[in-house]
Amino acid sequence: MNFKKLEQNIIDIITEQQLKLGYRQEKVRIYYPLLSLNRILGTDMDAGQMNTALSDFCGTVKEKYGSIGVSENDGRFCLLIPPEGNKYIHEQKTDNSFLAELIDTVRHHGCTLEEVLSLFHKYSCSVHIEKTEHGEFDYLIYFEDGNPDSFYYCLSVEENHIIYHRFTPEDYQDFDL
């Protein structure tokens, strides 16, 4: 089984957390629904099979991240990344300049949609921008070519600030909007 996509997803989530909150050498919990894990791994497993697969995953990455804990409750899995795993990701210094700039942009009071769109266009000329009408959020934005990342960004414009959430394309499709 190819665990590269799951490992990259963990790196992406922890990197975003570190950019937002700063780095501390501490445990990090990441929660995944069974459906998301199946999509990431390209499988169709039940919870028991997924527990086995995640145990295999933890064994393959133990040298880099330490002993990752896995728990499951009603189809919702928790991966507990130990402090040494969090530190390993911090020390890798992967290129996350887009995400760092996005976080800095939306962090300041008075951020405008134009500033956010300009930032997306700074990193790519193939940016999908869609005004939504369903009321969950105001805009869907992503890089059509997957560079610098393949996440779907859901933006809400609220008075003097902008809130974003990002999802894998597959998880976004689950919203059925």
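Residues numbered from 1 in each chain as written. Predicted model: local features only at pLDDT ≥ 70, side-chain atom pairs only at ≥ 80, totals over all residues. Heavy atoms only, no water.

Peer 1: Looking at this structure, I do not really get the confidence of the model for the protein chain. What am I missing?
Peer 2: Detailed reading of the predicted coordinates is not advisable wherever pLDDT is low. For the protein chain, per-residue confidence averages 94 on the pLDDT scale, and residues scoring 70 or more make up 99% of the total. Within the protein chain, strand S3 (residues 76-81) carries the highest mean pLDDT (98), whereas helix H7 (residues 169-174) carries the lowest (86). (pLDDT = per-residue confidence, 0-100. Helix = DSSP H or I, 4+ residues; strand = E, 2+ residues; numbered from the N terminus.)

Peer 1: In this structure, what is going on with the pairing of strand S5 (residues 139-143)? I would like to understand it.
Peer 2: Looking along a regular strand, one sees the side chains alternate between the two faces of the sheet. By the criterion of burial, S5 is predominantly enclosed, with 5 of the 5 residues buried. Because side chains alternate across S5, one face comprises the buried residues Tyr139, Ile141 and Phe143, and the other comprises Leu140 and Tyr142, equally buried. Here 5 bridges tie strand S4 (residues 127-131) to S5, and the two strands are oriented antiparallel to one another. Each residue of the ladder has a partner; that of valine 127, found in S5, is phenylalanine 143. Two elements, S5 and strand S6 (residues 152-158), share 4 bridges in a ladder whose sense is antiparallel. Each bridged residue has a counterpart across the sheet, and for tyrosine 142 the counterpart in S6 is tyrosine 152. (Buried < 20%, exposed > 50% of the residue type's maximum accessible area, 1.4 Å probe, protein only. Pairing = 2+ DSSP bridges.)

Peer 1: Any chance you could explain unusual backbone geometry here in plain terms?
Peer 2: Working note: non-glycine residues mostly have negative phi, and peptide bonds are mostly trans. Of note, the amide linkage connecting asparagine 147 to proline 148 takes the cis form, showing an omega dihedral of 15°. Non-glycine residue aspartate 74 carries a positive phi angle of around 55°. Along the polypeptide, aspartate 74 turns up in the loop between strand S2 (69-73) and S3. Judged by relative accessible area, which is 76%, aspartate 74 ranks as exposed.

Peer 1: What should I look at first to understand empty space enclosed by the protein in this one?
Peer 2: Any empty space left between the atoms is revealed when a probe the size of a water molecule rolls over them. The final tally for this structure, using the stated rule, is 1 cavity of 30 Å³ or more. Here the largest cavity is characterised by a volume of approximately 30 Å³. Residue lining of the largest cavity: Lys5, Ser36, Arg39, Ile40, Thr168, Glu170 and Asp171, and that is the complete set. Listed by contribution, the elements that provide at least two residues to the lining of the largest cavity are helix H2 (34-41) and H7. Of all the elements, H2 adds the most residues to the lining of the largest cavity, at 3 residues. (1 Å grid on protein atoms, 1.4 Å probe; cavity = no way out; pocket = protein on both sides within 12 Å on 5 of 7 lines; lining within 4 Å. Points joined across faces, edges and corners; volume = space filled by probe spheres on them.)

Peer 1: Help me out: how do you make sense of the sheet that holds S4 in this one?
Peer 2: Within a sheet, each strand pairs with its neighbour through backbone hydrogen bonds, oriented either parallel or antiparallel. Strand order in the open sheet formed by 4 strands is S4-S5-S6-S7, and the pairing between neighbours is antiparallel. Since the sheet does not close on itself, it has two edges, and those belong to S4 and strand S7 (161-167), each with one partner. On average, adjacent strands in this sheet sit at an angle of 20° to one another, irrespective of strand direction. Sheet strands in contact with helix H5 (residues 97-107) are S5, S6 and S7, and its direction is about 150° off that of S7. (Axes fitted to C-alpha atoms, helices over the stretch in contact; angles between N-to-C directions. Contact = heavy atoms within 4.5 Å.)

Peer 1: Got a minute to help me understand the nonpolar core in this structure?
Peer 2: One recurring pattern in soluble globular proteins is that nonpolar side chains are buried together. Judged by nonpolar contacts, the single largest core of 25 residues is most densely connected at Leu6, Ile10, Tyr32, Met50, Phe57, Ile68 and Ile81. Aside from chain neighbours lying at most four places away, what touches phenylalanine 57 is Phe3, Leu6, Glu7, Ile10 and Ile68. Val106, Val116, Leu117 and Tyr164 belong to the second-largest nonpolar core, a separate cluster that totals 20 residues. (Core = buried A, V, L, I, M, F, W, Y, C linked by side-chain atoms within 4.5 Å.)

Peer 1: How should I be thinking about the layout of surface pockets in this particular structure?
Peer 2: Roughly 500 Å³ of internal volume is contained in the largest pocket. Lining the largest pocket are 22 residues; nearest its centre among them are Gln8, Asp12, Pro148, Asp149 and Phe151. Secondary structure elements with two or more residues in the lining of the largest pocket: helix H1 (4-21), H5 and H7. Element by element, the count of residues in the lining of the largest pocket is highest for H1, at 6 residues. Classifying every residue of the lining of the largest pocket gives 8 nonpolar, 8 polar and 6 charged. (Nonpolar A, V, L, I, M, F, W, Y, C, P; charged D, E, K, R; others polar.)

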